[in-house]
Structures are given as C-alpha cells and as structure tokens.
Amino acid sequence: MRRTVLHGLFALVLGALLVAGCSRDNMNVNAPPSKSTSSGAPSLFKGNATGDPAVIATLLKVNQQLAAQGLNVAIESADFFTIGNGRPSARLHQLPYRWVPNDPRRSADGDNIRYLVDVSHGTTISGLSSAQTEGAIDAALSTWASDAALKKVTLEKRPYTGIDPSIVDGLEGFGGIGTPFQADIVNAGWYPRGFFDAIGGPGGGSGILGVTFTFIFVDGNGNPSDINGDNYIDEAFTETYYNNTFGDPSNDRAGFPWAINVPLPAIDVQTVALHENGHALDLGHFGPPPNAVMNPVYAGIRQSPFPPDDAGMNAVWSSWPNP
Ligand SMILES: [Zn+2]
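Here the structure is a predicted model, which means the values were calculated and not measured.

Here we look at the coordination of the zinc ion
Around a metal, the ideal angle is 109.5 degrees if four donors adopt a tetrahedral arrangement and 90 or 180 degrees if six donors adopt an octahedral arrangement.
Turning to step 1, where the next piece is worked out: Here the zinc ion is held by His-275 (NE2), His-279 (NE2) and His-285 (NE2), and the distances to it run 1.9 to 2.0 Å.
Turning to step 2, where the next piece is worked out: The sequence motif formed by the donor residues of the zinc ion is H-x3-H-x5-H. Here His-275 pairs with His-279, and both are found in helix α7 (residues 269–280), just four residues apart, close to one helical turn. Note on accessibility: His-275 and His-279 belong to one class, buried.

Dropping the structure here:
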C-alpha cells in the first residue's frame, strides 16, 4: 500500500517535471502563472529557478533590491549568448511571458513595441563608433520588423534623450540606476568585463558576448501578474548588454574583435543584436541543431532569420494584439 502511494507520488512529481520541461521548450504551452508558493516565500524571490546557481543568486539579489525600493517589476530571466562554451540561461519561474498590448504600466504606445539604443555606451575598444553600433542594432530590429511573422506588430524606435534608460548596470555597481519605461526594449550598449563577471557567474566576462534580461510585472506580494488573462506572465521591459572585452588588446579576447560584417574570428555586432533582440521579442534559445539565429553559441555571421526562428516568432506574434 505504502509503496503504491509512493509510486503514485513519484509519478506525479515526474509528471510535473515533464510539464515544466515542456513549458520551457515549447512556446505554445499555456502554463498558468504561479500563485503564492505554499512555503509562503514570495515567488519574486524563488519560483522554480534553473540555471547557474551563481547567476540565480545574482538575479534574486537584484529582485530583492527592486522589492526594497517598492518597484513592481522583477527580473524573470537572463539569456546569455556566448562564444566557445555555452552557458545555461537562468529562469526564476519557468513560466512563459508575453508583452501585454496597450499596457498602461509600461506606458505602452498602443500595440507598438518600442525600442531604444543607449548611444552613450556606443563605442567599442575594438574601434567601432557609436553610430556603427546603433546602425547594426537598427538593422537587426529592422530585420525582425520585416519578418512575415511580425507583420501585425510595429517596432518603433524611441530616441535616446540623455536620460539613462537601464537599471541592471546600476544595481550591479556599473553606473547609475536609470529610468525604465522609456522604451520596452533597451539596448544598453557596451559594458566592461567586470559587469559580465558579476552577472554571468565564473568566467562570464570572457565567454559572454551579450546578455538580455527580461523583467516582468509583479504584485505587492512579488507574484507575477497576468492582467489580460492570456495565461502568460506580463513582460515589463528588457535590457540587453554587450561585452566590450572582445577585441581589447590588453586581454585574452583580443583576437575576437567586435566588427561589422567581418567573419570569425571577428564578431559581427548585427548578428549578436539580432539574437539579443530576438529574446526581447520573446524567443528563447534552441538548437543547434537546427541552425538558427537563436542558437545559444555564436557561429559566425547570421543576419537573417532561419526557418526555426520564423516559426518561433510566428508562435509568439501571429495573433498580436489579441491573446
Ligand atoms: Zn541568447
């Protein structure tokens, strides 16, 4: 009898694990947002986190800082695009998230999704100008905007006004804490190796080309919200940071300089921007195989979506702005 009960429990747990695994990998799964955890711990601080423990600890610490300031947003995920060895993305809840059209909490411009490039962090040690960086990011956004899967959404560029738009850098001690909600998708620019060591775990600074953080809205108890009842937790904003270590002649990554349209061992900014802004548009990593812009490890110049990227975008955006 006892063995049967235990067996049943084991099957239940295994089933739950399988469902959790599916929801991570299949963007069509409608997993409901989590309610309060039975332990009483706010899910803001820990849901079903996965990823490098050092990264998760950093994300949880950032969320505690945000909660202490009374902000109703929390980091939900950090996605790393690397060269050489891959690095697991970190997720705090394992729940899928989406932008909410017309969301007043992020001062949404109707159904448009707004992006911004912080040109004050635009130059690379490898010699790119801020205009070159901005041009590569604009080209990447333009590529997604012209993808058939995104024909129902307008990607709208917002000007950089001189007001710092990003907050993860400031929370980690790299500059001030900026003012969010100037745009939905923030390309925060080039940051030093120490920032990627701080947020990427051991060795992060030498392997991570770029990282995108996804923030979600949370209620007063720290639980994710779903105001439009679409069974996705509500996205607040994203921040993407690019690693200025590459091409710095003073270190071990000198041989992999940031450039535009130059093959390996140079790193193409537009390729990395296309990948990172794919995250901002709610694509996760997949493969290889198959080859895709959203493979987690850099594999040379890829400035156009592959069929799996299109399929992913179609799953996210085909019904926009309706749930
Ligand atoms: Zn990525």
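Let's talk about the nonpolar core
Turning to step 1, where the next piece is worked out: Of all hydrophobic cores here, the largest spans 37 residues; its most connected members are Trp-258 and Trp-317.
Turning to step 2, where the next piece is worked out: Sorting the residues of this core by element identifies β4 (113–117), α3 (130–145), β6 (185–191), α7 and α8 (307–317) as the ones contributing at least two each.
Turning to step 3, where the next piece is worked out: Beyond its immediate sequence surroundings of up to four residues, Trp-317 is in contact with Trp-99, Ile-113, Ala-149, Leu-150, Val-153 and Leu-281.
Turning to step 4, where the next piece is worked out: Grouped together as the second largest cluster of nonpolar side chains are 29 residues, Leu-59, Ala-90, Ile-167 and Ile-208 included.

Some points on helix α2 (residues 53–68)
For an α-helix, the turn length of 3.6 residues means that residues three or four places apart are oriented alike.
Turning to step 1, where the next piece is worked out: In this model, α2 (16 residues) spans 22 Å end to end at C-alpha, consistent with the 22 Å of a helix rising 1.5 Å per residue.
Turning to step 2, where the next piece is worked out: Along α2, the positions that sit buried rather than exposed are Val-55, Ile-56, Thr-58, Leu-59, Leu-60, Val-62, Asn-63 and Leu-66.
Turning to step 3, where the next piece is worked out: Looking at the packing, one finds that the buried side of α2 touches β1 (73–82), β2 (90–91), α4 (168–171), α5 (193–200) and β7 (208–217).
Turning to step 4, where the next piece is worked out: Measuring from the backbone nitrogen of Ala-54 back to the side-chain oxygen at the start of α2 gives 2.8 Å, which picks out Asp-52 as the cap.

Quick word on the side chain of Asn-295
Turning to step 1, where the next piece is worked out: Mapping Asn-295 onto the fold places it in the loop between α7 and α8.
Turning to step 2, where the next piece is worked out: The exposure class of Asn-295 is buried, given its relative accessible area of 2%.
Turning to step 3, where the next piece is worked out: Among the polar contacts made by the side chain of Asn-295, one reaches the side chain of Arg-302 at a distance of 3.0 Å.
Turning to step 4, where the next piece is worked out: Filtering out sequence-adjacent residues up to four positions away, Asn-295 remains in contact with Phe-81, His-275, His-285, Phe-286, Gly-287, Pro-288, Pro-290 and Arg-302.

Criteria and thresholds
Residues numbered from 1 in each chain as written. Predicted model: local features only at pLDDT ≥ 70, side-chain atom pairs only at ≥ 80, totals over all residues. Heavy atoms only, no water. Donors = N, O, S within 2.8 Å, 3.2 Å for Na, K, Ca; no water. Helix = DSSP H or I, 4+ residues; strand = E, 2+ residues; numbered from the N terminus. Buried < 20%, exposed > 50% of the residue type's maximum accessible area, 1.4 Å probe, protein only. Core = buried A, V, L, I, M, F, W, Y, C linked by side-chain atoms within 4.5 Å. Contact = heavy atoms within 4.5 Å. Expected span 1.5 Å × (residues − 1). Polar contact = N/O pair within 3.5 Å; in protein donor to acceptor, adjacent residues only side chain to side chain.

In short, shape yes, function no, at least from these values alone.
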